[in-house]
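Working through the structure, step by step
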Amino acid sequence: MTRQMLMENVYLTYIPSEKFKTSFFSAQMAVPLRAETAGLNALMVNVLSRGTARCPDMAAIGRELDMLYGARLEPTVRKKGENQLFGFVASCVDDRFLPAGERLLEPVTDLLGDMYCRPAADGGRLREDYADSERENLADLIRSDLNDKRSYAARRLMEEMCAGEPYGVRRMGRAEDVERISLRALDEHYRTILPQGRLELFYCGSAARERVAGAFARAFEGLPRRGRLEPAATTRRPAPEQVRLTVEEMDVTQGKLCLGLRTDSADMAATMLMNAMFGGASTSKLFMNVREKLSLCYYAGSAYHRQKGIITVSSGIEFANYDRALAEIYAQLEALRDGDWEEWELQGARSSLCSGLRSMEDSAASLEDFVMGQAAAGGEETIPGLLEAVRQVTPERIRAAAGAVRPDTVYFLRGREGQAHEAL
């Protein structure tokens, strides 16, 4: 894998591989995640995906992709650390499987370049009909997480825990902000962010690096470069002295108990493995004890946001089980601090974590997501490096990693008054 600068604030990550039958491409703007621009960026990329000067509508884009042996192209909006990544990913049959003399690398990169630099326009501005329909679609999509209370609760935990921090901003912004975006504001934002934003390009396939670099350079030669908006460094904050509690009530039959924890440990590999033992694997303490043995949760698991130094716990419970479930979740963390585990728990978590890391190398899309996260955060991690680091973690380091974790926020979604539950 290599990474090179193609032009001012434009970088290409190249991964040569003949493992896959398809080539995978990505073009992503990486900018600081801000409440005032998150919705603008998400809406902008969706509008740009509707058409280019050469393929002015989705039907024309579809015909172009069909001509490229069924290539695929779609917009993406992601949150990596305290940065927002928005752009396009594409895939097509790798050139080595095409009839002699045919190539797809150049036409696919050209289409990616057109999406950014040569969008469908009306009177020199982005098309109003596209902006109107995509504004409504995006607002509906943002609000749709209310239909999945598990993801809704996890999102609300992050908003409460990281209030005032970029990490608490939704990756696509707020629906009410999106609905207020005018065509003029959107067009002005496009002409402001395009010249300034960091552009991260990615390719995984069998083509030579020089050819890939040349194709991307030609496709994006019209990209204006004025100013330099760099991705933001992700900052860590300590947990408060008093744990914060947020309780919401809705018409739900199952409670959603979510916990936010912070760590100041610099031992990332040990914290990754500790989290796998805590709630990140099928052999974890949350799953085996809180869910299976004590039957206090319908589901229970944890995730480690390693760039931010945050661990989140998500669980579904009966309303009346709030106190017991919360106490038992903390008890499992305390057991890790005390070294209270069996050897099979450690080995099961290590095996699960390593298997997950290795599986990333079997998917070009997973490789791209990992690379983009590193590029946005300025990290230099590699999958082989993480694997080796996890293999070297000792029980003493796991106990130390657990000891560095502190409670920050508790979020509880319960039924409305009149539904059976105990008051907090």
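Cut-off values and rules
- Within each chain, residues carry numbers counting from 1 in the order of the written sequence.
- Whole-chain, interface and lining totals are the exception, using all residues; otherwise, since this is a predicted model, local features are given only for residues with pLDDT of at least 70 and side-chain atom pairs are given and counted only at 80 or more.
- Note that water and hydrogens are dropped before the side-chain values are worked out from all heavy atoms of the structure.
- Exposed residues in this analysis have more than 50% of their type's maximum accessible area, buried residues have under 20%, and partly exposed residues fall in between, with area computed by a 1.4 Å probe over protein chains only.
- Only DSSP runs of H or I reaching four residues or more are called helices, and only runs of E reaching two or more are called strands; each is numbered from the N terminus.
- A pair of strands is labelled paired if DSSP reports no fewer than 2 bridges between them.
- Note on contacts: a residue pair qualifies if any of its non-hydrogen atoms lie within 4.5 Å across the two residues.
- Only Phe, Tyr and Trp rings take part, Trp by its six-membered ring, and two of them pair if their centres are within 6.5 Å. Stacked means planes under 30 degrees apart, edge-to-face means over 60, and tilted covers everything else.
- Salt-bridge detection follows one rule: a side-chain nitrogen of Lys or Arg within 4 Å of a carboxyl oxygen of Asp or Glu.
- Note on geometry: axes are lines fitted to C-alpha atoms, helical ones only across the stretch in contact, with angles between N-to-C directions running from 0 to 180 degrees.
- Residues belong to a common nonpolar core when they are buried Ala, Val, Leu, Ile, Met, Phe, Trp, Tyr or Cys residues joined through side-chain atoms within 4.5 Å.
- Expected span, for any helix, means 1.5 Å times one less than how many residues it has.
- Regarding the arc, it is the one traced by the directions from the helix axis to the C-beta atoms.

1. Regarding the pairing of strand E11 (residues 299–305)
Regular strands have side chains that alternate between both faces of the sheet. Of all 7 residues in E11, 5 are buried, a share of seventy percent or more. Pairing between E11 and strand E12 (residues 310–317): 7 bridges, direction antiparallel. Looking across to E12, one finds that Ala303 is bridged to Thr312.

2. Quick look at the environment of Thr271
Residue position: Thr271 is located in helix H9 (residues 268–280). Here Thr271 falls in the buried class, since its relative accessible area comes to 0%. Beyond its immediate chain neighbours, meaning those up to four positions away, Thr271 contacts Thr263, Ser265, Tyr304, Ile311 and Ala401.

3. A closer look at the packing of aromatic side chains
Counted by the stated rule, this structure contains 8 aromatic pairs. Considering the side-chain rings of Phe24 and Phe202, the 6.3 Å spacing of their centres and the 75° angle between planes classify their relative orientation as edge-to-face. With Phe24 in strand E3 (residues 22–32) and Phe202 in strand E8 (residues 198–205), this pair connects stretches of sequence that are 178 residues apart. An angle of 65° between the planes, with centres 5.4 Å apart, marks the rings of Phe25 and Tyr203 as edge-to-face. Remark: Tyr203 occurs in strand E8 and Phe25 occurs in strand E3; sequence separation between them is 178 residues.

4. Some words on the pattern of salt bridges
With the rule as written, the count across this model stands at 46 salt bridges. Residue Arg54 is joined to Glu64 by a salt bridge in which the shortest nitrogen-to-oxygen separation is 3.2 Å. Here Arg54 is found in the loop between helix H1 (35–48) and helix H2 (58–67), whereas its partner Glu64 is found in helix H2, with 10 residues between them in sequence. Residue Lys308 pairs with Glu82 through a salt bridge whose shortest N-O separation is 2.5 Å. Taken together, the residues span a long stretch of sequence, with Lys308 in the loop between E11 and E12 and Glu82 in the loop between strand E4 (72–80) and strand E5 (83–93) at a distance of 226 residues. On the basis of relative accessible area, Glu82 is assigned to the buried category, the value being 4%. Sharing partners across several salt bridges, the network here consists of Glu82, Glu165, Arg237, Arg244, Arg262, Lys308 and Asp408.

5. What to know about the pairing of strand E2 (residues 10–16)
Of all 7 residues in E2, 6 are buried; the element is thus mostly enclosed. Relative to E2, strand E1 (residues 2–7) is paired through 5 bridges, and the arrangement is antiparallel. Counted as the bridge partner of Met7 is Val10 from E2. Pairing analysis gives 7 bridges linking E2 to E8, with the strands arranged parallel. Bridge pairing in E8 places Tyr14 opposite Tyr203.

6. Focus: the sheet that holds E11
If you trace the 5 strands from one edge of the open sheet to the other, you get E9-E13-E10-E12-E11, paired in mixed fashion. Edge strands, defined here as strands with exactly one partner in the open sheet, are strand E9 (244–250) and E11. Averaged over all pairs of adjacent strands, the angle between strand axes in this sheet comes to 15°, irrespective of strand direction. Bridge analysis of E9 against strand E13 (residues 405–415) gives 7 bridges, and the strand direction is parallel. Residue pairing for E13: Leu245 is matched across the bridge by Val410. The strands that helix H10 (residues 285–293) touches are E11 and E12; relative to E11, the one it contacts most, it runs at about 155°.

7. Focus on the nonpolar core
Grouped together as the largest cluster of nonpolar side chains are 67 residues, with contacts concentrated most on Phe202, Leu257, Met274, Phe278, Leu357 and Ile398. Looking at which element gives the most residues to this core, the answer is H9, with 8 residues. Once residues lying within four places of it in the same chain are set aside, the contact partners of Met274 are Ile311, Leu333, Leu336, Ile398, Ala401, Ala402 and Val405. Residues Ala139, Val178, Ala207 and Ala213 belong to the second largest nonpolar core, which totals 63 residues.

8. Description of helix H4 (residues 128–143)
In a regular helix each residue adds 1.5 Å, so 16 residues correspond to 22 Å; H4 covers 23 Å between its end C-alpha atoms and thus fits that length. For H4, the complete set of buried residues consists of Tyr130, Ala131, Glu134, Arg135, Leu138, Ala139 and Ile142. The arc that holds every buried residue of H4, seen down its axis, measures 150°, which confines them to one face. Against H1, helix H6 (175–179) and helix H7 (183–196) lie the buried residues of H4.

9. Thoughts on the environment of Val108
Topologically, Val108 is positioned in helix H3 (residues 105–117). Accessibility expressed as a relative area gives 3% for Val108, which makes it buried. The sequence separation of Val108 and Leu73 amounts to 35 residues, and the corresponding C-alpha distance is 8.8 Å. Leaving out residues up to four positions away in the same chain, Val108 has contacts with Phe25, Leu68, Ala90 and Cys92.

Any link to function would need more than the numbers given here.
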